[in-house]
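Single-letter residue listing:
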Amino acid sequence: MTLTATRAAERPVRARVLWFAVSLLVLAAMFVVSIAVGSANLPLSTVWSALLSPDGGIDHSTIRTLRVPRTILGVLVGAALGVAGALMQGLTRNPLADPGILGVNSGAGFAIVTGVAVLGVTRIEQYLWLGFAGAVAAAAVVYAIAARGRGGADPLRLTLVGVAFGAVLTGASQTLALINPDTFDRFRYWDAGSITDRPEGTVSAILPFILIGLVLAFACARALNALALGDDLARAVGAHVGLIRLAGVVAVTLLCGAATAAAGPIVFVGLMIPHAVRLLVGPDQRWILPLALVLGPVLVLTSDVIGRLVIWPAELQVGVVTAFLGAPVLIALVRRRKPSAS
Amino acid sequence: MTRALVLRAGPFSLRASGRAFVVDTILACVLLGCVTVALMLGSRVLSPGEVLAALAPGADATDRLVVLEWRAPRALAAALFGACLGLSGAIFQSLTRNPLGSPDVIGLSAGSYTGVVCVLSLGGAGYAALATGAVAGGLATALAVYLLAFQRGMHGFRLIIVGIAISAMLSSVNRWFSVKADLDVALQAAVWGAGTLNNVEWLPLSYSALAALALVLALPAAGRRMRQLELGDDTAGMLGLSIERTKVLLVVLGTALTAVVTAITGPVAFIALAAPQIARRLTGHGSVDLIGAALTGAVLLSISDLIAQHAISGVALPVGAVTVCLGGGYLVWLLVRESKTS
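About the criteria used
Residues numbered from 1 in each chain as written. Chains lettered and ligands numbered in written order. Predicted model: local features only at pLDDT ≥ 70, side-chain atom pairs only at ≥ 80, totals over all residues. pLDDT = per-residue confidence, 0-100. Helix = DSSP H or I, 4+ residues; strand = E, 2+ residues; numbered from the N terminus. Expected span 1.5 Å × (residues − 1). Buried ≥ 20, exposed ≤ 12 C-beta atoms within 10 Å, placed from the backbone. Contact = placed C-beta atoms within 7 Å. Nonpolar A, V, L, I, M, F, W, Y, C, P; charged D, E, K, R; others polar. Core = buried A, V, L, I, M, F, W, Y, C linked by C-beta atoms within 7 Å. Axes fitted to C-alpha atoms, helices over the stretch in contact; angles between N-to-C directions. Left-handed = near helix turned anticlockwise from the far one by under 90°.

Asker: Sorry if this is basic, but what is going on with the confidence of the model for chain B here?
Answerer: Detailed reading of the predicted coordinates is not advisable wherever pLDDT falls low. Averaged over all residues, the pLDDT of chain B equals 82, while 92% of them reach at least 70. By mean pLDDT, the top-scoring element of chain B is helix 13 (residues 290-310) of chain B (90), and the lowest-scoring one is strand 2 (residues 12-17) of chain B (62).

Asker: Can you help me understand helix 4 (residues 108-121) of chain B in this one?
Answerer: Residues and elements named next belong to chain B. The first and last C-alpha atoms of helix 4 sit 20 Å apart over 14 residues, in line with the 20 Å expected at 1.5 Å per residue. Regarding helix 4, the residues found buried are L108, S109, A110, G111, S112, Y113, T114, G115, V116, V117, V119 and L120. Remark: G123 follows helix 4 within two positions and exhibits a positive phi of approximately 90°.

Asker: Whenever I open this one, the interface of chain B and chain A confuses me. Can you help?
Answerer: Quoted interface sizes are often the accessible area lost when the parts come together. Counting from both sides, the interface comprises 46 residues of chain B and, opposite them, 43 residues of chain A. Secondary structure elements with two or more residues in the side of chain B that touches chain A: helix 6 (156-180), helix 7 (183-194), helix 12 (271-283) and helix 14 (319-341) of chain B. In terms of residue class, the side of chain B that touches chain A is built from 32 nonpolar, 11 polar and three charged.

Asker: Before we go on, may I ask you to explain the nonpolar core in this structure?
Answerer: Where a protein is soluble and globular, its nonpolar side chains tend to be buried together. Counting 218 residues, the largest nonpolar core has V77(A), A80(A), V83(A), L255(A) and A258(A) as the members making the most contacts within it. The residues touching A80(A), leaving out its near neighbours within four places in the chain, are I210(A), G213(A), L255(A), C256(A), A258(A) and A259(A).

Asker: It is not clear to me how the packing of helix 11 (residues 269-281) of chain A against helix 13 (residues 318-336) of chain A should be interpreted in this structure. Could you clarify?
Answerer: What describes two packed helices is the angle between their axes and the distance between those same axes. Residue and element names in this part refer to chain A. Remark: helix 11 packs on helix 13, axes separated minimally by 10 Å, with the N-to-C direction vectors making an angle of 35°. Judged by the twist between their axes, the crossing of helix 11 over helix 13 is left-handed. Counting all contacts with helix 11, which are made through V269, M272, H275, A276 and L279, the residues of helix 13 involved are T322, G326, V329, L330 and L333. In terms of residue class, the contact of helix 11 with helix 13 is made up of seven nonpolar, three polar and no charged.

In structure tokens form, the structure reads like this:
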């Protein structure tokens, strides 16, 4: 299951730079499309003037208060999930690991169900901090259990503890939701995952956490390459295995916790983006992380735009579309080449 | 060499290590205890003696009805289905050589849920219609995953990736249905999707018991081939194993074992994933342990069903929600203990 370092040599730097540039262009294009497209059919000139010289009319305020925050949230959530996924797969050396394995999604879900069922929380503004607290607490418990003992948090144990603990929380949420139809009713909307209709200030609330998470993640990139060799070899080449893993887990928790708290569980982005990226640029984390940072938002924004168009003028939640868009791509990639890690 | 117990009868031989034999015996006793308790508990509590008396011919008609018609099918179903799920999980985890490679993860559960969702949205109702939908959905998903993953041979890792991708797509459909459908229909689907033993009766149970028996007959051959396959494709090929045929056999066997259960209970989560991992830690086996996995699965589902029925009086929880909490909690505890001793 270790990422083989041999194929890195086969990819010239020029090809990687090219992929990175192409991804950036696609992201810029999707950003524009996401602002221009929606259930209100507005011409591009209106969009343009709304951004440059707003007149306070209804069309302009649609763009400025609905579409722009939604697009920015999509970029943040996509970037956070893409990078967290790459980090998680590198940390656990398991290409099936997605950030949810730390219990982040299930922790957030459990906190919100408990809030709704027990504390009587009803306002979506309250979901944000409840979800974030749940995500962080769940990740902390998973890591604390996995890190006990002499070996520290070895990848297999981290994966198993995460899956088991996450499953417990999911089961508990499910039980709470099924006992009371009202709770179920609220939970099913949160569970679908969406970046629209968020309360004001969501973006600025999660931005600091995501920035810190990204800085930590990029600081780990080089060390993650050493970690791919296996714990013993990584120590032999001078890496602080325990420290890297702790920093990585903190970064994943901040990134995913913030994204999930803001948008609900958007599955599959964190799992699929690193696979796609590895097939493009090879196993070097110093290339994987930046490209995941760009392609994560591309997937989320594209999914969100498609969600607005398929049943226009109604909308599909972005969490429902990501998998539909990502899964065929992932299958095609896996069939085209030898799987990127095995 | 560890001490081992070997039973021979003609061409058949059964080899068990001393510890595995002891553990399996204990598990079997616990299972027997669970079944007995399940027969005793209910709105009319019986003593073990009264249960035995009710089983004998000429007993009190009410006791006989309660024990034989109401409680016995459910108790036996829990044991049988738990064993099937444990076996199925052991087969898939061995095939993919990954602890995450359980039938839930590669999409069978999501597929049966989607089958049920289709039936419900086409206006179907009633037990038989839902069961048909669940089995058809699960089998169609397994077939799709296998065909999409097949490419000059079946690679275990590719199977999981394709499975996760398909599973994510189907979960999207399910979540979309959950948001779009009326609350009571969505709730009905969610209860089915969590897995429940509330509707077990003798006739359907006897069909699935026959099917399970037929599948179990194939297991000794499968277990031998699995141990060879775990040496790696190349080594197993050199030992004279026909790799692809073996893999097809294992996929069919694992899928069929899950389908037998899903037809009656809906997808019961997590037993297939947890049982082989728990069994491995209890018996100290390095390799696949089919008997241990089956017994662990049976005990897990039996205890879970007792809790689901009797923990909260007046509320019949779906057993799937309990298996997840119980199995996950136990697995976490085992991992904590493991890390202390290592």
